[in-house]
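Examination of the molecular architecture
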Amino acid sequence: MKPFPILIEQEVVIVCSEASTGIVLNRDFSYALNDEQEVFTICKSFEDALSLANLIMKERENVECVIQGRNQEVLKYLNPNQKS
């Protein structure tokens, strides 16, 4: 997968994985199996990321999401059994 992006201002990223296995998914929701695949979705704010992550999980029942900040810190972990 491509390296963690450089974020500016209030930007955060979402990374999705298959909830049952923990395998990281690319932005097309397929397994991320090589270094050229995009796995980070950049959002303008935490609130935007939280809304998008919840929408993704509503549409795809076996996907969990992590929202990460500028320093790759985990800001929020969302799994199919616990939506926020």
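Presented here is a report on the structure given in the accompanying data block. Just so it is clear, the structure is predicted and the values come from calculations on it, not from any experiment.

**Here we look at the sheet that holds strand 2 (residues 41-43)**
Strand pairing in a sheet takes place through backbone hydrogen bonds and is either antiparallel or parallel in direction. Here we have four strands laid out as an open sheet, ordered 2-1-3-4, and antiparallel in their pairing. Every other strand in the sheet has two partners, leaving strand 2 and strand 4 (74-78) as the edge strands with one partner each. On average, adjacent strands in this sheet sit at an angle of 25° to one another, irrespective of strand direction. In this sheet, strand 2 lies alongside strand 1 (residues 12-18) in antiparallel orientation, the contact comprising three bridges.

**Here we look at the pattern of salt bridges**
Enumeration over the complete set of coordinates arrives at one salt bridge. Of the charged contacts, one joins Glu38 and Lys2 as a salt bridge, the two residues approaching to 3.3 Å between their closest N and O atoms. One end of the pair, Glu38, is in the loop between strand 1 and strand 2; the other, Lys2, is in the segment before strand 1, and 36 residues separate them in sequence. The exposure class of Lys2 is partly exposed, given its relative accessible area of 31%.

Parameters and conventions
Residues numbered from 1 in each chain as written. Predicted model: local features only at pLDDT ≥ 70, side-chain atom pairs only at ≥ 80, totals over all residues. Heavy atoms only, no water. Pairing = 2+ DSSP bridges. Helix = DSSP H or I, 4+ residues; strand = E, 2+ residues; numbered from the N terminus. Axes fitted to C-alpha atoms, helices over the stretch in contact; angles between N-to-C directions. Salt bridge = Lys/Arg side-chain N within 4 Å of Asp/Glu carboxyl O. Buried < 20%, exposed > 50% of the residue type's maximum accessible area, 1.4 Å probe, protein only.

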